[in-house]
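Here are the chains, one letter per residue:
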Amino acid sequence: MKLLSFFFLAYLLLPVTVSSRAETQVETHFENTDHKLTVYYIKGKEAGKTMMIMGGIQGDEPGGYLAADLYADMVLERGNLIVVPRANFHSIKKNKRGINGDMNRKFAPKTPPQTDYDSRIVEILKNLMSRSDVLLNLHEGSGYYFPEHISDMKNPMRYGQCIIIDALTYHHPEREIVDLEGSARRVVEEMNRYIKNPEHKFHLNDHNTFSENSQHKEQRGSATFNALTLFGIPGYGIETSKDIKSIETKVKYETLA
């Protein structure tokens, strides 16, 4: 009996092994500069699709980059994550939207290519998108997005508490039709089951970015628009409201999405 107990205890003390496929790799660009960029590659135990999560591309939106932090150290059952918690480290340090303009307007192809730090970072991010199946870009936006005009802070031109897409569907020349609306609506409906404050409920916000009638043509330079047009993957902007004062609440909503 003592021998049996010994072997049972020895079994319990054996190191827990994770599948040989599961691993996390960390890659750092521009180390020891104000533009440090850290990328986390997380492989699951089983093969599957890859989600890219990006935060901090605009430096005054802590809800986004603090939420992205939570995904940099995970063990996945299936699939892969590429996590970039602080895409614009320089702006985050200064707590400014952008030091050299808005980095989230610099993803459209440029001729000739630019060599400033923002452009070099954007090229790295675009390479990561090309290796992904979906992009989540975590943000904070002003006010509260509502499909109809309710007040100055609650109307179609506000960004808070919504999931932004650039089109309902998109047909990339080399891929099947991308259904952005279907996935986003399912996520919004599921999220809202857990959000008790009616003002904090999420909405789907279609920027209709391709249309000449779009009120958001500046988004043609954004990460989500170019993830869609260059690589044929769905890109979603997850926007919590800057008017929610609790950082913890904003991080909760980002992770819920």
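Residues numbered from 1 in each chain as written. Predicted model: local features only at pLDDT ≥ 70, side-chain atom pairs only at ≥ 80, totals over all residues. Heavy atoms only, no water.

Peer 1: I'd like a description of the packing of helix α2 (residues 62–69) against helix α7 (residues 247–256), backed by residues and values.
Peer 2: Direction vectors running N to C along α2 and α7 enclose 60°, while the axes themselves pass 8 Å from each other. With respect to each other, α2 and α7 are oriented oblique. α7 is crossed by α2, and the crossing has right-handed handedness. Side by side, α2 and α7 meet where Pro62, Gly63, Gly64, Leu66 and Ala67 of the first sit next to Ile247, Lys250, Val251, Glu254 and Thr255 of the second. (Axes fitted to C-alpha atoms, helices over the stretch in contact; angles between N-to-C directions. Helix = DSSP H or I, 4+ residues; strand = E, 2+ residues; numbered from the N terminus. Parallel < 35°, antiparallel > 145°, perpendicular 65-115°, else oblique. Left-handed = near helix turned anticlockwise from the far one by under 90°. Contact = heavy atoms within 4.5 Å.)

Peer 1: I'd like to hear about the pairing of strand β3 (residues 46–55), residue by residue, with values.
Peer 2: When β3 meets strand β4 (residues 78–84), the two strands line up parallel, connected through six bridges. The partner of Met52 across the bridge, within β4, is Ile82. This β-α-β element, β3 to α2 to β4, shows right-handed connectivity. In terms of strand pairing, β3 meets strand β5 (residues 134–141) through five bridges, oriented parallel. What sits directly across from Gly55, in β5, is Leu138. (Pairing = 2+ DSSP bridges. Right-handed = clockwise from strand over helix to strand, strands pointing away.)

Peer 1: Account for unusual backbone geometry, naming residues and giving values.
Peer 2: The phi angle at Phe30 is positive, at roughly 55°, despite the residue not being glycine. Inspection of the secondary structure puts Phe30 in the loop between β1 (23–29) and β2 (37–43). Positive phi values are uncommon outside glycine, yet Asn208 reaches one of about 50°. Mapped onto the elements of the fold, Asn208 is located in the loop between β11 (203–206) and α6 (223–231).

The quantities given are spatial measurements derived from coordinates; they are silent on function.
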